[in-house]
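Coordinate analysis (summary)
Read off the chains here:
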Amino acid sequence: MCFSATASFAAGGALSAMGGLTVARAQTKAELPFASIPLWFGIQQAIEGVVWLSFGSDLLNTIATYAFVLFSHIFWPIFLPLALLLIESDPLRQKILQLGLAIGSAVGFSFLYLIIVDPVTSQIVHGSIAYHSSNFSPLLVMMLYLIAT
């Protein structure tokens, strides 16, 4: 919800509440990661709400920007295939998801490295937040990110 702090916090609250409900309905421990996806996404949206409010405070903006990017670029490509793998019972689909997890892990750790070596910044552009790093645009990495997620 990168078009206002209010939208980010509203989405974060709604998604977190739904996430709490889906976690409560999980019947096995293996289902918990998959059930928690709305909760994690709600937390990410709340962090983006903080990014909105942090403009004007360099330290808070840096912390909130990095927290958001850790979710968007590192957490999701690793967590999503793992959450699916834990609940998949079909051997062929498990192998596909294992490949997705390997790709997602490579992408996530690549982004972690890139974030460490090149600063990430955020700014408001045309009414939404733009996250900038000279390393975020390699086409191959973005294609692998899409495959993993």
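Keep in mind it's a predicted model, so treat the numbers as computed, not measured.

Summing up its helical and strand segments, the protein has 6 helices and 2 strands in all. Going from the N terminus to the C terminus, the protein shows its helices and strands as α-α-α-α-α-β-β-α. The proportion of buried residues among the 149 residues of the protein is 40%. Summing over all exposed atoms, the protein offers an accessible surface of approximately 8,300 Å²; the carbon and sulfur share of this is 72%.

Before going further, it helps to examine the nonpolar core. Among the nonpolar cores identified, the biggest contains 28 residues, and Val51, Phe68, Val69, Trp76, Val107, Phe111 and Tyr131 are the most heavily contacted of them. A total of 11 residues in this core trace back to one element, the largest contributor, which is helix 4 (residues 58-87).

Following the criterion strictly, the structure yields 10 aromatic pairs and no others. An angle of 50° between the planes, with centres 5.2 Å apart, marks the rings of tryptophan 40 and phenylalanine 75 as tilted. You can see tryptophan 40 sitting in helix 3 (residues 37-54) and its partner phenylalanine 75 sitting in helix 4, a full 35 residues away along the chain. For phenylalanine 75, a relative accessible area of 22% gives the class partly exposed. Relative to phenylalanine 75, the ring of phenylalanine 71 lies with its centre 5.3 Å away and its plane at 65°, an arrangement referred to as edge-to-face. Placement of both phenylalanine 71 and phenylalanine 75 in helix 4 is noted, with a separation of 4 residues, approximately one turn of the helix.

For the structure on display, the rule yields 2 salt bridges. Residues arginine 93 and glutamate 88 are paired through a salt bridge, measuring 3.2 Å at the closest nitrogen-oxygen approach. Arginine 93 sits in the partly exposed class, given a relative accessible area of 47%. If you follow the salt bridges from partner to partner, you end up with Glu88, Asp90 and Arg93 in one network.

Notably, histidine 126 is not glycine yet its phi reads approximately 50°, a positive angle. Topologically, histidine 126 is positioned in the loop between strand 1 (121-125) and strand 2 (128-132). For histidine 126, a relative accessible area of 82% translates into the label exposed.

Conventions used here
- Residues numbered from 1 in each chain as written.
- Predicted model: local features only at pLDDT ≥ 70, side-chain atom pairs only at ≥ 80, totals over all residues.
- Heavy atoms only, no water.
- Helix = DSSP H or I, 4+ residues; strand = E, 2+ residues; numbered from the N terminus.
- Buried < 20%, exposed > 50% of the residue type's maximum accessible area, 1.4 Å probe, protein only.
- Areas by Shrake-Rupley, 256 points an atom, 1.4 Å probe, with all protein chains shown as cover.
- Core = buried A, V, L, I, M, F, W, Y, C linked by side-chain atoms within 4.5 Å.
- Phe/Tyr/Trp six-rings, centres within 6.5 Å; stacked < 30°, edge-to-face > 60°.
- Salt bridge = Lys/Arg side-chain N within 4 Å of Asp/Glu carboxyl O.

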